[in-house]
Amino acid sequence: MKIALVDSGLGLLPAAAAVRRLRPDAELVLSSDPDGMPWGPREPADLGARVLACARAAVAYEPDALIVACNTASVHALPALRAELEPAVPVVGTVPAVKPAAAGGGALAVWATPATTGSDYQRRLIRDFAGGVAATEVPCPGLADAVEHGDEAAVDAAIAVAAARTPRDVTAVVLGCTHYELVGERIRAAVRRPGAPPPALYGSAGAVAGQALRRIGAAAAPAPDPAAAPPGGLTVLLSGRPGALPPAALGYAEGNLLVSAPARSGAVPG
C-alpha cells in the first residue's frame, strides 16, 4: 500500500511516523512546500492553491490515500481536495484533538499558531466539544518555525512563553499544530507544575494514520520485530520536486524512523 502526506514542512513527520508504526510495509510519499511555507499567514485562496499543488504532485505517485497533515490546510483546502480527488483517492484531514482531551473532564489548553488561536474554526471546536470544561486558547508565536528549522534555543524560548500563558491547573494540552507533536515531551515538561502529575498530551497523528488505513480497508499490522521487517519505501517531494528529508528532520525521532526506509528515485510512475 502507499500513503501520501501533505504539509508545508516537517509537520507531516508525526503522522508519517504513525503510519510507519502501524504499517511498516507501507510506502510513503511526503509532499511538502518549502517554497511556500509557512501556510498559516497566507490568504485562503493562495493557501488552497499551494495545498492543491502539493497534493497533485503526491497523487502522481498513485497513493491509496492522502493525509492532509496540517490543521490550517485542512480548514481551508479539504473540501476542494475531496472534490477533486475522491473517490479515487480518499482524503483524510487533521482536526485538533479537542474532543478526546475534553472527555477527561479536567481543564485543558489548546496550543496553536497565532493565526489559528481565536479563529472561528478553533472556537467552534471548543464550543462543540469542550463546553463542559475550562478551555484556554494559547497562542505559540514562533514555535512552528523554530521546530521546522531545528532551532533548539528558539524552540525552548517559544515553549517557555506559551507555558507562561497556560493556566496552572490544566490537566491536558491539545497540540493544535502538527509541528508541535515533534516537541511534545518538551511541552509537557514546561507545562507540568511542581508536585502535580504531568499533563496529558493530545495530538492528531495517531488518529489520522488510523483513519487513513480504515478508509482504504487496511488493518494495522505492526511488525513483531521491526529490525527484521524491511520497511516500505519513502519518496520526498519539495514543492513538487523530488528531494530528500531536510537535515532538520533528523533532529526528531519521527524523522529518523522514516529514513530507515529505502529511498525511491523520485521518478513519477508510469
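Relevant structure appears above.
Residues numbered from 1 in each chain as written. Predicted model: local features only at pLDDT ≥ 70, side-chain atom pairs only at ≥ 80, totals over all residues. Heavy atoms only, no water.

A.B. asks: Is there a simple way to explain the sheet that holds strand β6 (residues 135-139) in this structure?
C.D. replies: Each strand in a sheet pairs with another by means of backbone hydrogen bonds, the pair being arranged parallel or else antiparallel. If you trace the four strands from one edge of the open sheet to the other, you get β6-β5-β7-β8, paired in parallel fashion. Unpaired on one side and paired on the other, β6 and β8 (200-202) mark the two borders of the sheet. Within the sheet, the average angular offset between the axes of one strand and its neighbour, ignoring direction, is 25°. Bridge analysis of strand β5 (residues 108-112) against strand β7 (residues 172-175) gives four bridges, and the strand direction is parallel. Among the inter-strand pairings, Trp111 is bridged to a residue of β7, identified as Leu175. Here helix α5 (residues 120-129) sits on the sheet and contacts β5 and β6; the angle it forms with β6, its principal contact strand, is near 155°. (Pairing = 2+ DSSP bridges. Helix = DSSP H or I, 4+ residues; strand = E, 2+ residues; numbered from the N terminus. Axes fitted to C-alpha atoms, helices over the stretch in contact; angles between N-to-C directions. Contact = heavy atoms within 4.5 Å.)

A.B. asks: Would you explain the environment of Val191 in this entry?
C.D. replies: Within the element layout of this structure, Val191 appears in helix α8 (residues 184-191). Between the C-alpha atom of Val191 and that of Thr94, which follows or precedes it by 97 residues, the distance is 24 Å. Ignoring anything within four residues of it in the chain, the contact list for Val191 reads Trp111, Ala163, Thr166, Val170, Val173 and Pro199.

A.B. asks: I'm lost on the pairing of β6 in this one. Help?
C.D. replies: Within a regular strand, the side chains alternate between the two sheet faces. Inspection of the sheet shows β5 paired to β6 by five bridges, in the parallel sense. Paired with Trp111 across the bridge in β6 is Val138. This β-α-β element, β5 to α5 to β6, shows right-handed connectivity. (Right-handed = clockwise from strand over helix to strand, strands pointing away.)

A.B. asks: Sorry if this is basic, but what is going on with the packing of helix α7 (residues 152-164) against α8 here?
C.D. replies: The packing of two helices is summarised by the inter-axis angle and the distance between the axes. Running from amino to carboxyl end, α7 crosses α8 at an angle of 40°, the nearest separation of the two axes being 9 Å. Looking at the two axes, α7 sits oblique to α8. Once α7 is placed against α8, the crossing between them reads as right-handed. Contacts from Glu152, Val155, Asp156, Ile159 and Ala163 in α7 reach Arg186, Ile187, Ala190 and Val191 in α8. A per-class count over the contact of α7 with α8 returns six nonpolar, no polar and three charged. (Parallel < 35°, antiparallel > 145°, perpendicular 65-115°, else oblique. Left-handed = near helix turned anticlockwise from the far one by under 90°. Nonpolar A, V, L, I, M, F, W, Y, C, P; charged D, E, K, R; others polar.)

A.B. asks: Hey, could you run me through the pattern of salt bridges in this one?
C.D. replies: Tallying each qualifying case throughout the model produces twelve salt bridges. Across the pair Asp25 and Arg23 runs a salt bridge whose closest N-O atoms are separated by 2.8 Å. Since its relative accessible area comes to 15%, Arg23 is described here as buried. Here Asp156 and Arg186 are joined by a salt bridge, their closest N and O atoms 2.7 Å apart. One end of the pair, Asp156, is in helix α7; the other, Arg186, is in helix α8, and 30 residues separate them in sequence. Owing to a relative accessible area of 44%, Asp156 belongs among the partly exposed residues under this scheme. Taken together, the shared-partner salt bridges in this structure form one network comprising Arg82, Glu86 and Arg215. (Salt bridge = Lys/Arg side-chain N within 4 Å of Asp/Glu carboxyl O. Buried < 20%, exposed > 50% of the residue type's maximum accessible area, 1.4 Å probe, protein only.)

A.B. asks: Got a minute to help me understand the sheet that holds strand β9 (residues 234-238) in this structure?
C.D. replies: Read across the open sheet, the six strands follow the order β4-β3-β1-β2-β9-β10; overall the sheet is mixed. The open sheet terminates on both sides in strands that have one partner only, identified here as β4 (91-92) and β10 (241-243). The pairing of strand β1 (residues 2-6) with strand β3 (residues 65-68) spans four bridges and is parallel. Each residue of the ladder has a partner; that of Ala4, found in β3, is Leu66. Contacting β1, β2 (27-32) and β3, helix α1 (residues 13-22) runs over the sheet at an angle of about 175° to β2. Taken strand by strand, helix α2 (residues 44-59) contacts β1, β2, β3 and β9, and its axis lies near 150° from that of β2.

A.B. asks: Where do I start with α8 in this structure?
C.D. replies: Given 3.6 residues to a turn, an α-helix orients residues that are three or four positions apart in the same direction. Those residues of α8 that sit buried are Gly184, Ile187 and Val191. The buried residues of α8 all sit within an arc of 60° when viewed along its axis, so they share a single face. The exposed set on the far side of α8, more than 90 degrees from its buried face, consists of Glu185 and Ala189. Where α8 is buried, its residues touch β5, α6 (143-149), α7, β7 and β8. (Arc of directions from axis to C-beta.)

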